[in-house]
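Here is what each chain is made of, one letter per residue.
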Amino acid sequence: MKVFQHVQDLGDLSVALAEAQEVKRDRYQWQHLGRNKTALLIFFNNSLRTRLSTQKAAMNLGMNVIVLDVNQGAWKLETERGVVMDGDKSEHLLEAIPVMASYCDLIGVRSFARFESREDDYEEKILNQFIRYSGRPVFFMESATVHPLQAFADLITIKEQTPSPLPLKGESGHLQDQVPSQIHSTLPLEGERGGGLWSGRPIKVVLTWAPHPRALPQAVPNSFAEWMLAASQQGLGIDFVITHPQGYELDPQFVQGARVEYDQMKAFEGADFIYAKNWSCPGVTRPQDYGKVLDDYHTMMDWCVSARQMAVTNDAHFMHCLPVRRNMIVTDDVIEGPRSLVIPEAANREISAQVVLKRMLESL
Ligand code: AN0
Ligand code: CP
């Protein structure tokens, strides 16, 4: 694998999920693969999980790791070609990329949407320069439009929490009764049975917008939608629904074929998994508002996920990629409740990163 950006880069998802299961069984069995190989992790933005889990995954594979926080100690980088560099930027990305690449074998980059130009963000102007000028495999650690390591970890988490066959509504015996979610991340995935990964009825997964005081990128919901739709198309038995206020329509390249329900309560009915996330205006139906928070969040607090919405679900699990603002996105009781998966989800970031790095090492 030379680039990890989209779900297609991973190929067959049931194969990737089986590989994740194998990583979880013994994450240190490929130490020879990373011997004398170096991963460079470049951060233009803050991170807790991505930084730690990707570093841990690389170490599991026997790699050396260099982490660079561009904004803390490196020269400030110009990213536009043709500018007279008489401002505060001392170095150009076009020199910095090949220099950084000369010290490593794999490159991971985090560079969020800047919201200055929708075209630049959605063309992945920064990450594409890394792909073009580094000569190294590049994996996306949240770019302007995608966060694939997160979406893969989310899929692994959903798979782990889905018993096979799934109990139908009204039947007793949720998986939760058998395996507490807080320890589940340390357990192997369910074995495959029958033709698909899940037998019985499709599981209902709902992506819901939730309020936030600041403008956030669309990378997490874009990737989550892309991965859920691919899983559904590959016959993994997922019924995917998106709910958000008018104006927050996601880019068709990620949500083509998804069901959108503007009534949040209706969308939550019978759901098995609730995936909450805020995002700013994607500029699809309101191009002039790209990257903006459309309404004062005080008027949108109904969208904060609470016991009221969770009550109409099929005792759904709650998911969020973290970091999360409590009592904006989700109430304390829901995130702390027995159906919350936020910790196992974060733990699975190590697993998703390890599958990706392993595949890149194998194709060096
Ligand atoms: C980022 C975002 O919404 O994309 C990172 C999430 C993983 N969140 C914040 O900036 C708070
Ligand atoms: N979920 C996630 O990517 O978290 P960080 O921003 O802390 O890396």
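Presented here is an overview of the structure given in this document.

**Regarding the sheet that holds strand S9 (residues 238–243)**
If you walk across this open sheet you meet the five strands as S10-S9-S8-S11-S12, and the pairing is parallel. The open sheet has two edge strands with one neighbour each: strand S10 (259–260) and strand S12 (317–319). Where strand S11 (residues 273–277) meets S12, three bridges bridge the pair, whose relative direction is parallel. Among the inter-strand pairings, Tyr-275 is bridged to a residue of S12, identified as Met-319. This element, helix H9 (residues 219–233), spans strand S8 (203–209), S9 and S11 of the sheet and lies at about 155° to S9.

**Describing the environment of Asp-239**
Turning to its location among the elements, Asp-239 is positioned in strand S9. Of the residues examined, Asp-239 reaches a relative accessible area of 27% and is grouped as partly exposed. Distance from Asp-239 to Pro-202, taken between C-alpha atoms, is 5.8 Å for residues 37 residues apart in sequence. If sequence neighbours within four positions are ignored, Asp-239 has contacts with Pro-202, Ile-203, Lys-204, Val-205 and Arg-259. Side-chain polar atoms of Asp-239 contact the side chain of Arg-259, separated by 3.0 Å.

**Description of the site of ligand 2**
Contacts to ligand 2 come from Ser-47, Leu-48, Arg-49, Thr-50, Arg-110, His-147, Gln-150, Cys-321, Leu-322 and Arg-349. Taking Leu-48, its main chain carries an N or O atom lying 2.7 Å from an oxygen atom of ligand 2. Here an oxygen atom of ligand 2 sits 2.8 Å away from a polar atom, N or O, in the side chain of Arg-49. Across the shell around ligand 2, the residue classes break down as three nonpolar, four polar and three charged. When residues of the shell around ligand 2 are sorted by domain, at least three fall in each of domain 1 (3–147 + 350–363) and domain 2 (150–347).

**Digging into the sheet that holds strand S3 (residues 64–69)**
Read across the open sheet, the five strands follow the order S1-S7-S6-S2-S3; overall the sheet is parallel. Here the strands that pair on one side only, and so sit at the sheet edges, are strand S1 (3–4) and S3. Direction of pairing for strand S6 (residues 106–110) relative to strand S7 (residues 138–140): parallel, over a ladder of three bridges. Following the sheet pairing, Ile-107 is matched in S7 by Val-138. The sheet contacts of helix H5 (residues 125–134) involve S1, strand S2 (38–43), S6 and S7, and relative to S7 the element is tilted by about 170°.

**Considerations on the packing of helix H6 (residues 148–160) against helix H14 (residues 342–362)**
It is at 8 Å that the axes of H6 and H14 come closest, and there the two elements cross at 115°. In the packing of H6 onto H14, the handedness of the crossing is right-handed. Two secondary-structure elements touch here, H6 through Leu-149, Gln-150, Phe-152, Ala-153, Asp-154, Ile-156, Thr-157 and Glu-160 and H14 through Pro-344, Glu-345, Asn-348, Arg-349, Ile-351, Ser-352, Ala-353, Val-355 and Val-356. Of the residues belonging to the contact of H6 with H14, the class tally is nine nonpolar, four polar and four charged.

**Points about the site of ligand 1**
Contacts to ligand 1 come from Phe-112, Glu-142, His-147, Leu-216, Pro-217, Lys-277, Cys-321 and Leu-322. At a separation of 2.6 Å, an oxygen atom of ligand 1 approaches a polar side-chain atom of Glu-142. Lys-277 is positioned such that a nitrogen or oxygen atom in its side chain is 2.7 Å from an oxygen atom of ligand 1. Across the complex, the protein chains shield 81% of the 330 Å² of accessible surface that ligand 1 would expose by itself. Shared between two domains, the shell around ligand 1 holds at least three residues of each, these being domain 1 (3–147 + 350–363) and domain 2 (150–347).

**Structural notes on the packing of helix H3 (residues 93–101) against H5**
Relative to each other, H3 and H5 sit at 55°, their axes nearing to 9 Å. Regarding the angle of H3 to H5, the classification is oblique. When you trace H3 past H5, the crossing you get is right-handed. For the pair formed by H3 and H5, the contact residues are Leu-93, Leu-94, Ile-97, Pro-98, Met-100 and Ala-101 on the first element and Ile-126, Gln-129, Phe-130, Tyr-133 and Ser-134 on the second.

**With respect to H5**
Considered for burial, the residues of H5 that qualify are Ile-126, Leu-127, Gln-129, Phe-130 and Ser-134. Considered in projection along H5, the buried side chains sweep an arc of 155° and stay on one side of the axis. Those residues of H5 that are buried lie in contact with S2, H3, S6 and S7. Gly-135 occupies a position one or two residues after H5 and carries a positive phi of about 70°.

**Considering unusual backbone geometry**
Comment: phi is negative for the bulk of residues other than glycine, and the bulk of peptide bonds are trans. With an omega of 5°, the peptide bond between Leu-322 and Pro-323 qualifies as cis. One can find Pro-323 in the loop between S12 and helix H13 (332–336). The phi torsion at Phe-115 lies on the positive side, around 60°, for a residue other than glycine. For Phe-115, the location among the structural elements is in the loop between S6 and helix H4 (118–122). Judged by its relative accessible area of 22%, Phe-115 falls in the partly exposed class. One non-glycine residue, Leu-322, lies in the positive phi region at around 65°. Residue position: Leu-322 is located in the loop between S12 and H13. For Leu-322, a relative accessible area of 15% puts it in the buried group.

**A few points about the environment of Gln-161**
Relative to the assigned elements, Gln-161 resides in the loop between H6 and helix H7 (175–178). In this structure the C-alpha to C-alpha distance between Gln-161 and Phe-273, which are 112 residues apart in sequence, comes to 9.7 Å.

About the thresholds
Residues numbered from 1 in each chain as written. Chains lettered and ligands numbered in written order. Predicted model: local features only at pLDDT ≥ 70, side-chain atom pairs only at ≥ 80, totals over all residues. Heavy atoms only, no water. Pairing = 2+ DSSP bridges. Helix = DSSP H or I, 4+ residues; strand = E, 2+ residues; numbered from the N terminus. Contact = heavy atoms within 4.5 Å. Axes fitted to C-alpha atoms, helices over the stretch in contact; angles between N-to-C directions. Buried < 20%, exposed > 50% of the residue type's maximum accessible area, 1.4 Å probe, protein only. Polar contact = N/O pair within 3.5 Å; in protein donor to acceptor, adjacent residues only side chain to side chain. Near = heavy atom within 4 Å. Nonpolar A, V, L, I, M, F, W, Y, C, P; charged D, E, K, R; others polar. Domains from an automatic or database assignment. Left-handed = near helix turned anticlockwise from the far one by under 90°. Areas by Shrake-Rupley, 256 points an atom, 1.4 Å probe, with all protein chains shown as cover. Parallel < 35°, antiparallel > 145°, perpendicular 65-115°, else oblique. Arc of directions from axis to C-beta.

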